[in-house]
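A look at the structure
Single-letter residue listing:
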Amino acid sequence: MQEKIIILDFGSQTTQLIGRRVRELDTYCEIVPYNKFPKEDASVKGVILSGSPFSVYDKDAFKVDLSEIRGKYPILGICYGAQFLSYTNGGKVEPAGTREYGRAHLASFCKDNVLLKGVREGSQVWMSHGDTITAIPDNFKKIASTDKVEIAAYQVEGEQVWGVQFHPEVFHSEDGTQILKNFVVDVCGCKQDWSPASFIESTVAELKEQLGDDKVVLGLSGGVDSSVAAVLLNKAIGKNLTCIFVDHGMLRKNEFKNVMVDYECLGLNVIGVDASEKFFSELAGVVEPESKRKIIGKGFIDVFDVEAHKIKDVKWLAQGTIYPDCIESLSITGTVIKSHHNVGGLPEKMNLKLCEPLRLLFKDEVRRVGRELGMPEHLITRHPFPGPGLAVRILGDITPEKVRIVQDADDIFIQGLRDWGLYDKVWQAGVILLPVQSVGVMGDERTYERAVALRAVTSTDAMTADWAHLPYEFLGKVSNDIINKVKGVNRVTYDISSKPPATIEWE
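Described in the following lines is the structure provided in the data block. (Residues numbered from 1 in each chain as written. Predicted model: local features only at pLDDT ≥ 70, side-chain atom pairs only at ≥ 80, totals over all residues. Heavy atoms only, no water.)

1. Observations regarding the overall build of the chain
Condition: Helical segments are the DSSP runs of H or I of at least four residues, strand segments are the runs of E of at least two, and each set is numbered from the N terminus. In this description the radius of gyration comes from C-alpha coordinates, and the expected globular size is given by 2.2 Å times residues to the power 0.38. Summary of the burial criterion: residues with accessible area below 20% of their type's maximum are buried, those above 50% are exposed, and those between are partly exposed, where the area comes from a 1.4 Å probe applied to protein chains only. In this tally, Asp and Glu contribute negative charge and Lys and Arg positive charge; neither His nor the terminal groups of the chain are included. Charge placement uses NZ in Lys and CZ in Arg. For Asp and Glu, CG and CD serve respectively.
What the chain contains, in helices and strands, is 14 helices and 18 strands. On C-alpha atoms alone, the chain measures out to a radius of gyration of 25 Å, which is about the 23 Å that the 2.2 N^0.38 rule sets for 507 residues. Classification of the 507 residues of the chain by burial places 56% in the buried group. Side-chain charges of the chain comprise 59 positive and 70 negative groups, with the mean position of each set lying 1 Å from the other.

2. Looking at the pattern of salt bridges
For clarity, the threshold we go by: Put simply, a salt bridge is a Lys or Arg side-chain nitrogen that is within 4 Å of an Asp or Glu carboxyl oxygen.
Summed over all chains, the structure comprises 32 salt bridges. Linking Lys142 and Glu150 is a salt bridge whose minimum nitrogen-to-oxygen distance equals 2.4 Å. The partner of Lys315 in a salt bridge is Asp214, with the nearest N and O atoms 3.8 Å apart. Linking Lys315 in strand E13 (residues 314-318) with Asp214 in the loop between helix H4 (196-211) and strand E10 (215-220), this pair joins segments that are 101 residues apart in sequence. For Asp214, a relative accessible area of 18% gives the class buried. Salt bridges here are not isolated pairs; linked through shared partners, they connect Arg20, Arg21, Glu24 and Asp364.

3. Structural notes on the packing of aromatic side chains
Our working definition: Ring pairs shown here join Phe, Tyr and Trp side chains whose ring centres sit within 6.5 Å, with only the six-membered ring taken for Trp; geometry is labelled stacked below 30 degrees between planes, edge-to-face above 60, and tilted in between. Only Lys NZ and Arg CZ are tested; either one counts as a charge over a ring when it is within 6 Å of the ring centre and within 35 degrees of the ring normal.
Taken as a whole and judged by the stated rule, the model has 18 aromatic pairs. A centroid spacing of 4.8 Å and a plane angle of 40° characterise the contact between Tyr28 and Trp194, whose relative ring orientation is tilted. Here Tyr28 is found in the loop between helix H1 (15-24) and strand E2 (29-33), whereas its partner Trp194 is found in the loop between helix H3 (176-187) and H4, with 166 residues between them in sequence. Both rings, one in Phe245 and one in Phe256, keep their centres 5.2 Å apart while their planes meet at 35°; by these two values the pair is tilted. In this pair, Phe245 sits in strand E11 (residues 241-247) while Phe256 sits in helix H6 (residues 255-265), placing the two residues eleven residues apart along the sequence. These aromatic residues form a ring-pair network of at least three members: Phe10, Tyr34, Phe54, Phe62, Tyr80 and Phe84. The side chain of Arg367 reaches across the aromatic face of Trp427, ending 5.3 Å from its centre. When the ring centre of Tyr423 is taken as reference, the NZ or CZ atom of Arg418 above it lies at 3.9 Å.

4. Notes on the packing of H4 against helix H11 (residues 363-372)
This is how it is decided: The angle between two axes is taken between their N-to-C directions and runs from 0 to 180 degrees, where each axis is a line fitted to C-alpha atoms and a helix contributes only its stretch in contact. Oblique is the label for every angle not falling under 35 degrees (roughly parallel), over 145 degrees (roughly antiparallel), or within 65 to 115 degrees (roughly perpendicular). Contacts are residue-level and defined by heavy atoms, with any inter-residue pair within 4.5 Å sufficient. Classification used: nonpolar for Ala, Val, Leu, Ile, Met, Phe, Trp, Tyr, Cys and Pro, charged for Asp, Glu, Lys and Arg, polar for all others including Gly.
At their nearest, the axes of H4 and H11 sit 9 Å apart, and the two run at 75° to each other. Taken together, H4 and H11 sit at an angle that is classed as roughly perpendicular. Each of Pro196, Ala197, Phe199 and Ile200 in H4 lies in contact with H11, whose residues at this interface are Arg368, Val369 and Glu372. A per-class count over the contact of H4 with H11 returns five nonpolar, no polar and two charged.

5. Remarks on H3
So the rule is basically this: By this rule, a helix spans an expected 1.5 Å times one less than how many residues it contains.
Here H3 spans 15 Å end to end across twelve residues, near enough to the 16 Å set by a 1.5 Å rise per residue. Among all positions of H3, only Gly176, Ile179, Leu180, Asn182, Phe183, Val184, Val185 and Val187 are buried. Where H3 ends, the next residue or the one after it, Gly189, has phi of about 75°, a positive value.

6. Focus: the nonpolar core
What counts here: Only buried residues count toward a nonpolar core, which is a set of Ala, Val, Leu, Ile, Met, Phe, Trp, Tyr and Cys residues joined through side-chain atoms within 4.5 Å.
One finds Val217, Met250, Phe413, Leu417, Leu454, Leu470 and Ile482 to be the most contacted residues of the largest nonpolar core, which totals 48 residues. The greatest single-element share of this core, amounting to eight residues, is contributed by helix H13 (residues 400-419). Setting aside residues up to four positions removed in sequence, Met250 forms contacts with Phe279, Leu283, Ile296, Phe385, Pro388, Gly389, Leu390, Ala391, Ile398 and Val403. One finds Val228, Val366, Leu379 and Ile380 within the second-largest nonpolar core, a separate group that totals 40 residues.

7. A look at the sheet that holds E10
As a reminder of what qualifies: Between any two strands, pairing holds if DSSP finds at least two bridges.
If you trace the five strands from one edge of the open sheet to the other, you get E12-E11-E10-E13-E14, paired in parallel fashion. Where the open sheet ends on each side, the last strands, each with one partner, are strand E12 (270-274) and strand E14 (353-355). Across this sheet, the average inter-strand angle for adjacent strands is 30°, counted without regard to direction. Bridge count between E11 and E12: five bridges; the pairing is parallel. Each bridged residue has a counterpart across the sheet, and for Phe245 the counterpart in E12 is Gly272. Contacts from H4 reach E10, E13 and E14, with the element oriented near 170° to E14.

Encoded structure:
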């Protein structure tokens, strides 16, 4: 039985980051809504309560009865989670004089407390809250302070219950990983036996049992998620897997041909479908970003459905859905974050059972599994690419000519990153075609042509991202090459926005 940590999600933007940090400790964890604790699960070793956008005293705040959890499992409350534990047991939580956001340092703490073992004097932590705990219940003991926050961390006396008002999961908390390890390993007793090899072994066995001799169809995108899912399924069921790769006309330059060759080398049974004319026709004149996404999503389903029905006796639809897709698509706030996630559309239309072998993995874990499966490095390290492709990198309506411009410019940019040894240092990169034209001079003639923006970001999980600080010499070379070699472009800009407040893609 795979032991696990349960993370109760109260709506924080960093809940997924808590999950990733626990997984990095080679420990399996699951994120569930704050009110959906899995009862009667003997594999649960401990519970983490996440942060939240609410204040604990808000009438709309997420509240839950922890009486069945407390005393049975070790508990760590983070930010809102810490405030919730204190507030609901008689402590005081009040608005801070000013919002406490950013770096702070532990000014004093109990070094002998198991949660703070190995934490350094003056260790930097990351604060992000508008409220603060001003008083804790009598049976709560303060174990850490910062220069501005008196009760930065506490433990309930006689219980394995802790709360921290800072965010140990955030990179800027210098000893945050140590604190999480203290909780997960020393307090909860997790064995740290979650690894790519163990995942492959258990998943292949589960797929064989789940699928038997049934036939399975999988939609490939060329990205790492669907590719790893395909290789994993192929390892489990071999010839009973058929993959379909649909070209909607908005892939990168030569991508359809190159990816088909890669898949053949992996021994996969792949059907390639060029449906670009259909998509260009349906997208003609459409400007609104969400409309473009929905048209492409529906079009993909229609094409995939036709091809899949040519295969006899298919009973399962496999998808490269990963854990963040599931969490975002089932947001506890009810907000639609992305309408083109794998998790919607196809199963209902095709009346097939759904198989998602990667649905428990984060992106970096998918890559680790791919390496363990022996996949070529260039497939594993491919930058993420949006499902709608270049359609969301062309601001405005879509035409074959605009796609050609973006493909050519993007090819120069991406190849340049590879040539300069920068590709693997960037999380995601691409070219955006702007809906403007600008005046330029080429030779003795004035031009009035298109402008493009280069976008490159660094990240670990795409939840947050910083713009990549690429060398000026590189940007100058790429700009010059694009303007000289891509017909229709006379101006290149570089996007220096971080996420948040901007997103990685422009649409």
